[in-house]
Each structure stands twice: as structure tokens, then as C-alpha cells.
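# Summary of the model geometry
For reference, the chains in residue letters:
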Amino acid sequence: MSNMNDAFCKLAKLLDYPCEESREALSSLKATFSGFDFTALERTFSDLLRAQELYTMTFDMRERTTLYITFYYSGYTRDRGMDLLKLKGLLNKHGISIGNQAPDFLPVLLRLACSDREGVNVIAKYRQAIELIHKRLKDENNPYSAPFELLLTLVPESGDELKVKERPAVERVGIGDL
């Protein structure tokens, strides 16, 4: 496995809900990519409960840094459903099990990228969302900005990137005003 593929695998573990495997992934990334400052994230991971709290507050409790990548393009519209179906088909084609996770969850897509070039192309298509998450985390001095900085060095600009929406799209479906 190449360093790049291995990095995608480690980032998939690091950007999933914190556990012992996340700590190991962080340690491995720090050793392999010494030019990136993972110090703040290492401090956070010294206490796994604190790491889990930060993760939940950063990625689960706020739309602005959610790891559900299609949200940045489709928001709360039925278009997102089609995006999710396409991604699920691609993941099934490559034998990637997603359990109870949505197919656009960034760690799931990173698992695809660590095993297949097509996965890297998928992530490249969503590069603008990754850039936006990185910017928001960096502006907040959030320790999770470091893995996103590394990820952006690994994901090529594709020219086929989707455009991020300023605000999540919302769609009202159903009965109009009565």
C-alpha cells in the first residue's frame, strides 16, 4: 500500500468517532507526515473522553462542520437523496461496508480512497467542502484542522469539483399554504 493510500486509511480512522484506533492513526500520521502540527490534537487525544466530546461538538452538533459531505452541496433537499444513492452504489460496487453510516460520511469516503483510485476522484469532487471545513476549523483554532490540512495536500484539484453553497439549501415538499 502506498503512503498516500495508507494516509487515507489513517485519516478515515482519525476522522471517525474517537477510539483507540484513532489514537494509533494519529500517532502513525504524525510519524509519517512530520511537517504537520498534530500537537493540539495529540493533547486532546491524551484523554479519550475529551477527544470524544470535542468530536461530538465539532462534527455532530453543528451543520457548519458536519462530515456529511453532500450536505454542503444539496443541503436539505431531495437532491441529496440522489447523491446518497449514487455514493451507496459506488461503495457497494467496491465492497465498502457502511454499517449504519450515511454513504457521504467523510471517513467512509476516505476508506474508499484508501483502497481505490476512484475513491480519490470522489473525494476530489468534494474538495471545496473539505476546504470549507478546514477553513472553519482553522478559524476556530480547532485541533481537527490539522488532519484536514493534510487531507487537502493529498486530494488533487480535479477541475470537476462541485460548488459549495453559501448556506444549506432547504426545500419544502408537500402541501403548500392552507
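This text goes with the structure placed above it.
Report on the accompanying structure.

### Details of the overall build of the chain
Counting its regular elements, the chain contains ten helices and zero strands. Taken from N to C terminus, the helices and strands of the chain fall in the order α-α-α-α-α-α-α-α-α-α. Within the chain, the fraction of its 178 residues that count as buried is 45%. When contacts within the chain are restricted to residue pairs at least 6 apart in sequence, long-range pairs at least 24 apart make up 64% of them. For the chain, the computed accessible surface area is about 9700 Å², with 49% contributed by carbon and sulfur atoms.

### Some words on the pattern of salt bridges
Pairing is possible between side chains of opposite charge, provided their charged atoms come close. Tallying each qualifying case throughout the model produces nine salt bridges. Between D6 and K10 there is a salt bridge, with the nearest N and O atoms lying 4.0 Å from each other. Of this pair, D6 and K10 both sit in helix 1 (residues 3–14), four residues apart, which is roughly one turn of the helix. When its relative accessible area of 25% is taken as the criterion, D6 is described as partly exposed. Among the ionic pairs, E131 bridges to R127, the shortest N-O distance being 2.9 Å.

### Focus: the state of the cysteines
Using the criterion set out here, one finds one disulfide in the structure. Each sulfur of the disulfide joining C9 and C114 lies 2.3 Å from the other. Sign of the S-S torsion, about 95° for the bond between C9 and C114, identifies this disulfide as right-handed. Of this pair, C9 sits in helix 1 while C114 is found in helix 7 (residues 106–115), placing the two residues 105 residues apart along the sequence. Neither residue differs from the other here; C9 and C114 are each classed as buried.

### Considering unusual backbone geometry
A positive phi angle, close to 55°, is found at N141, a residue other than glycine. Mapped onto the elements of the fold, N141 is located in the loop between helix 9 (127–139) and helix 10 (145–154). For N141, a relative accessible area of 68% translates into the label exposed.

### A look at the packing of aromatic side chains
In the structure shown here, the tally under the stated rule is eleven aromatic pairs. A centroid spacing of 6.4 Å and a plane angle of 75° characterise the contact between F33 and F36, whose relative ring orientation is edge-to-face. F36 carries the same exposure label as F33, and that label is buried. Consider the rings of F59 and F148, whose centres lie 6.2 Å apart with planes at 40°: the pair is tilted. Of this pair, F59 sits in helix 4 (residues 48–60) while F148 sits in helix 10; the two residues are 89 residues apart in sequence, bridging distant segments of the chain. Taken together, Y17, F45, Y55, F59, Y144 and F148 form an aromatic cluster joined through their ring pairs.

### Things to note about the nonpolar core
In this structure, F8, L106, L110 and F148 are the most contacted members of the largest nonpolar core, which totals 53 residues. Among the elements that make up this core, the one with the highest residue count is helix 7 (seven residues). Ignoring anything within four residues of it in the chain, the contact list for F148 reads L15, F59, L67, L106, I130, I133, H134 and L137.

Each value, and the rule that gives it
- Sequence order sets the numbering: in each chain, residues are counted from 1 along the sequence as written.
- A pLDDT threshold of at least 70 governs which residues receive local features in this predicted model, and a stricter bar of 80 or more applies before side-chain atom pairs are shown or counted, although totals over entire chains, interfaces and linings include all residues.
- No hydrogens and no water enter the side-chain calculation; it runs on all heavy atoms of the structure.
- Helix and strand definitions follow DSSP, with helices as H or I runs of at least four residues and strands as E runs of at least two, each counted in order from the N terminus.
- Only protein chains enter the area calculation, which uses a 1.4 Å probe; residues under 20% of their type maximum are buried, those over 50% are exposed, and those in between are partly exposed.
- A contact between two residues is defined here by any heavy atoms of the two lying within 4.5 Å.
- Here, Shrake-Rupley sampling with a 1.4 Å probe gives the accessible areas, and only protein chains in the shown set may cover a residue.
- What counts as a salt bridge is simple: a side-chain nitrogen of Lys or Arg found within 4 Å of a carboxyl oxygen of Asp or Glu.
- In this description, the term disulfide denotes a pair of cysteine sulfurs within 2.5 Å.
- Each Phe, Tyr or Trp ring (for Trp, its six-membered ring) is paired with any other whose centre lies within 6.5 Å, and the angle between the two planes then decides the class: stacked below 30 degrees, edge-to-face above 60, tilted in between.
- Remark: nonpolar core denotes a set of buried residues (Ala, Val, Leu, Ile, Met, Phe, Trp, Tyr, Cys) joined through side-chain atoms within 4.5 Å.

Function cannot be inferred from these measures alone, as they are strictly geometric.
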